Amino acid sequence: MAGNFWQSSHYQQWILDRSDLLRERHDDLKHLSQEDYQKIMIFFANVIQALGENLKLRQQVIATATVYFKRFYSRNSLRCIDPLLMAPTCIFLAAKVEEFGALSNNRIITSCQQVLKSKFSYVYPQDFPYRQHQILECEFFLLEAMDCCLILYHPYRPLLQYIQELGQDENLLQTAWYD
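Residues numbered from 1 in each chain as written. Predicted model: local features only at pLDDT ≥ 70, side-chain atom pairs only at ≥ 80, totals over all residues. Heavy atoms only, no water.

**Student:** Looking at this structure, how should I read unusual backbone geometry?
**Tutor:** The phi angle of most residues is negative, glycine excepted, and most peptide bonds adopt the trans form. Positive phi, close to 60°, is recorded for Lys56, a residue that is not glycine. Here Lys56 shows up in the loop between helix H4 (34-54) and helix H5 (59-75). On the accessibility criterion, Lys56 (66% relative accessible area) is exposed. (Helix = DSSP H or I, 4+ residues; strand = E, 2+ residues; numbered from the N terminus. Buried < 20%, exposed > 50% of the residue type's maximum accessible area, 1.4 Å probe, protein only.)

**Student:** What exactly am I supposed to notice about the side chain of Ser111 here?
**Tutor:** Looking at where Ser111 falls in the secondary structure, it is placed in helix H7 (residues 105-119). Each residue touching Ser111, except ones within four places of it in the same chain, is listed here: Leu51, Asn54 and Leu55. (Contact = heavy atoms within 4.5 Å.)

**Student:** Looking at this structure, I do not really get the pattern of salt bridges. What am I missing?
**Tutor:** Side chains carrying opposite charge are able to pair once their charged atoms draw close together. The full count for this structure, using the stated rule, is three salt bridges. Between Lys96 and Glu139 there is a salt bridge; the shortest N-O distance is 2.7 Å. With Lys96 in helix H6 (residues 83-97) and Glu139 in helix H8 (residues 132-145), this pair connects stretches of sequence that are 43 residues apart. Residue classification places Lys96 among the partly exposed residues on the basis of a relative accessible area of 36%. The class of Glu139 is buried, set by a relative accessible area of 7%. For Asp127, the salt bridge goes to Lys117, with nearest N and O atoms at 3.5 Å. Of the two residues, Asp127 is situated in the loop between H7 and H8 and Lys117 in helix H7; the sequence distance between them amounts to ten residues. Taking relative accessible area as the criterion, Asp127 reaches 44% and is therefore assigned partly exposed. Residue classification places Lys117 among the exposed residues on the basis of a relative accessible area of 53%. (Salt bridge = Lys/Arg side-chain N within 4 Å of Asp/Glu carboxyl O.)

Shown next, in the form of structure tokens:
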């Protein structure tokens, strides 16, 4: 792991400009408009957020899972692996990387079923179609696509330092997290 952001794989491999993204999304953009593609990404970011909240994960774990999801689809087509399978896979991997502890596979499957029924039944009226072994297998595809670059530099730690330097109270911090 690099000691700072500028020497990290996050900076060197994963800060992509618009032309890189458009080149990689070429296959998807044959079938979708850029706006529809963005809507799909936002939808699945919301799915990851809902799954993380249902599993009572820290926000940093959820943010890591969201970044992993976007990294995977920045280099792969949406048709490569179903995003509905990739979303819980990203949460599963992020929980391990962020040292939250490994989540049980049954707990992830149950959470996916609950969240899909309660919040996303208008899109997915059926039960969650995947099982434990498929999430575990998908984890290897995710690791390979990300070239095992798992360390992320989130703004959480600098935000905490900035709030402390300002001498502000915890209310401002809570506003920054959730609003």
